[in-house]
Amino acid sequence: MDDFVKRWTPEELTRLLRLQGNLSRGNIIAIEITKVFETPPSNLAKITVTYSPDVPVDSPKFILLKIPKAHKLLRGKREIDFYTKIAPLLTNIPLVPCVTTFYEQKTGISYLFLKDVSATHTTKERDKISLLQFQLILDALACLHAKLWDYPNLEDLVGESPLEYFKKENINNENNYKALVEQLKEQIIIDERKIFEKFLTNASKLILKRVENGRNMTLCHPENHHENFLLPYQNNNGYAYIIDWHQYRYWWGAKDIVSLVNRCLVPEKMHLVPNLLQFYYRKLVEYGVKNYSWDDCQNDYRLGIIDYLTIILQLQEAYNKYPVRFMEIYQGIIQEFNKWECASILF
């Protein structure tokens, strides 16, 4: 973060905030980096800001800075696009407040300044997420989906059509399946091979039919693992924040719930899925979604399970590094496939 200190002096950060209308008066007089850490795609720093006495009283004193690593610059730019183009539309949606953003055309480096909410919210391990906290996450996703449900300009905002997304995601399915069989060998039984073989031949038509229908589509957040939700320390007092906005998509909302239960629910809680899906549906209706029945939601969930098999094929490279976790994800989606009788759709 030494480069940050040189790049963002109090004067430069004041100028950026003023330029973007995020500081109406006063100045930043000091910046202190209190903690530096990283995730696989990003470098992060917690910053304490000292202002002159005349700044607005709600100016954030504690800020989290997120900078993509060199091999993830495109992800960083996409997240900046989200906060500058889409987030302003998401009023009353549980997003960590954005303080300001900056994108350097010359270097491709993006700087995302968010309010540091670590005093009230934190991530939790999958096995530590309570039912109430899981409902807070579902509430946040339902609120997000309802806000941009069938939004007329969503394709332009997202930057790609559902068809473009589908083609990009499924281009390597056959090769990935061959690699999966080679890796799992006898662990992938005959019935499971039949599922993937039918997926390769039949799924495209089903998914494209759903997409081309054009109705009941929304902004989705596919990366729904437990580290992408900040939960309040007090379970019954607050809401969950959705974070990490580099893979948002224009898709159908129930697919997000497939991803969520597969990556956030521990196996012994998977029996709760029907009730959790009902909770999500009730929240959609509560937030204003109309002409979308409970049967529609269940059908979208089933098709989302089928669509999610693409993710399993993409994750096959992780098997050698994380075999236990991969098999848990793999077995979880196969169990959902069978429990929700997805073969009746796919076969």
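This write-up is about the structure you can find in this document. (Residues numbered from 1 in each chain as written. Predicted model: local features only at pLDDT ≥ 70, side-chain atom pairs only at ≥ 80, totals over all residues. Heavy atoms only, no water.)

**Observations concerning the pattern of salt bridges**
Put simply, the rule is: Any carboxyl oxygen of Asp or Glu within 4 Å of a side-chain nitrogen of Lys or Arg constitutes a salt bridge here. Only DSSP runs of H or I with at least four residues qualify as helices, and only runs of E with at least two residues qualify as strands; both kinds are numbered from the N terminus onward. When a residue's accessible area, from a 1.4 Å probe over protein chains only, is under 20% of the maximum for its type it is buried; when over 50% it is exposed; and in between it is partly exposed.
Scanning the model with the defined rule gives 17 salt bridges in all. The closest approach of N and O atoms between K66 and D244, which form a salt bridge, is 3.3 Å. One end of the pair, K66, is in strand β3 (residues 62-68); the other, D244, is in the loop between β9 (241-242) and β10 (249-251), with 178 residues separating them in the sequence. This pair shows no difference in class: K66 is buried, exactly as D244 is. As a salt-bridge pair, R126 and E328 come within 2.9 Å of each other at their nearest N and O atoms. Of the two residues, R126 is situated in the loop between β6 (121-122) and α4 (131-147) and E328 in helix α12 (residues 323-339); the sequence distance between them amounts to 202 residues. By relative accessible area, R126 is classed as buried at 14%. Here the salt bridges share partners, and the residues they tie into one network are K66, E79 and D244.

**Concerning the packing of aromatic side chains**
Heads up, the condition is: Centre distance within 6.5 Å is the pairing criterion for rings of Phe, Tyr and Trp, where only the six-membered ring of Trp is used; planes under 30 degrees apart are then read as stacked, over 60 as edge-to-face, and the remainder as tilted. Remark: a charge is flagged as sitting over a ring if the NZ atom of Lys or the CZ atom of Arg is within 6 Å of the ring centre and within 35 degrees of the ring normal.
Within the structure shown, the criterion is met by 17 aromatic pairs. Pairing F82 with Y83 gives two aromatic rings, centres 5.1 Å apart and planes at 85°, and the pair type is edge-to-face. Among the residues examined, Y83 registers a relative accessible area of 8% and is labelled buried. On the numbers, 6.2 Å between centres and 20° between planes, the contact of F326 with Y330 is stacked. A residue pair is termed a helical-turn pair when its members lie 3 or 4 positions apart in one helix, as F326 and Y330 do in helix α12 at 4 residues. Judged on exposure class, the residue F326 and its partner Y330 are both buried. Ring pairing ties together the aromatic residues Y177, F196, Y319, F326 and Y330, which thus form one cluster. Lying across the ring of F37, K35 places its NZ or CZ 5.3 Å from the centre. Stacked on the ring of Y103, the Lys or Arg K77 has its end atom at 5.1 Å from the ring centre.

**Side note on helix α3 (residues 73-86)**
Worth spelling out the cut-off: To estimate how far a helix should extend, the number of its residues minus one is multiplied by 1.5 Å. The contact definition used throughout considers only heavy atoms, calling two residues in contact when any of these lie within 4.5 Å.
Compared with an ideal rise of 1.5 Å per residue, which puts 14 residues at 20 Å, α3 spans 19 Å between its outermost C-alpha atoms and is within 8% of the ideal. Every buried residue of α3 is listed here: G76, R78, E79, I80, D81, F82, Y83 and I86. Elements that come into contact with the buried residues of α3 comprise β3, β4 (98-103), β5 (110-115), α5 (154-158), β7 (218-220) and β10.

**So, the side chain of N176**
Its location among the elements puts N176 in helix α7 (residues 173-184). The contacts of N176, once residues within four sequence positions are left out, are L313, Q314 and Q316.

**Brief notes about the pairing of β4**
It is a general feature of regular strands that their side chains alternate between the two faces of the sheet. Inclusion rule: If DSSP finds at least two bridges between two strands, the strands pair.
Here β4 pairs with β5 via 5 bridges, running antiparallel. Bridging across to β5, T100 finds its partner in F113.

**Some words on the environment of Y330**
Residue classification places Y330 among the buried residues on the basis of a relative accessible area of 1%. As for Y330 and I312, which are separated by 18 residues in sequence, their C-alpha atoms are 6.4 Å apart.

**A look at the layout of surface pockets**
Unoccupied space between atoms shows up once a probe the size of one water molecule is rolled over them. Worth spelling out the cut-off: Two kinds of site are reported from a 1 Å grid over the protein atoms alone, namely cavities, where a 1.4 Å probe fits but cannot get out, and pockets, open sets with protein on both sides within 12 Å along at least five of seven lines, and residues are called lining when an atom falls within 4 Å of a point. Grid points are joined across faces, edges and corners, and a volume is the space filled by probe spheres set on the points. Each residue is assigned to one class: nonpolar for Ala, Val, Leu, Ile, Met, Phe, Trp, Tyr, Cys and Pro, charged for Asp, Glu, Lys and Arg, and polar for all the others, Gly among them.
One number sums up the size of the second largest pocket: a volume of about 320 Å³. Around the second largest pocket, the lining residues are L206, K209, R210, N213, R215, N216, Y292, D296, N299, D300, L303 and I345. Across the lining of the second largest pocket, the residue classes tally to 4 nonpolar, 3 polar and 5 charged.

**Notes on the sheet that holds β4**
How we decide: Lines are fitted to the C-alpha atoms to define the axes, a helix being fitted only along its stretch in contact, and any angle between axes, read from their N-to-C directions, falls within 0 to 180 degrees.
Pairing within the open sheet is antiparallel, and its 5 strands lie in the order β1-β2-β3-β5-β4. Edge positions in the open sheet fall to β1 (28-38) and β4, since each of these has one partner strand only. Going across the sheet, the axis of each strand differs from the next one's by a mean of 20°, ignoring polarity. Bridge analysis of strand β2 (residues 42-51) against β3 gives 7 bridges, and the strand direction is antiparallel. By the bridge assignment for β3, S42 is matched with P68. Set on the sheet, α3 makes contact with β3, β4 and β5; between it and β5 the angle comes to about 50°.

Worth remembering: the numbers are spatial, not functional.
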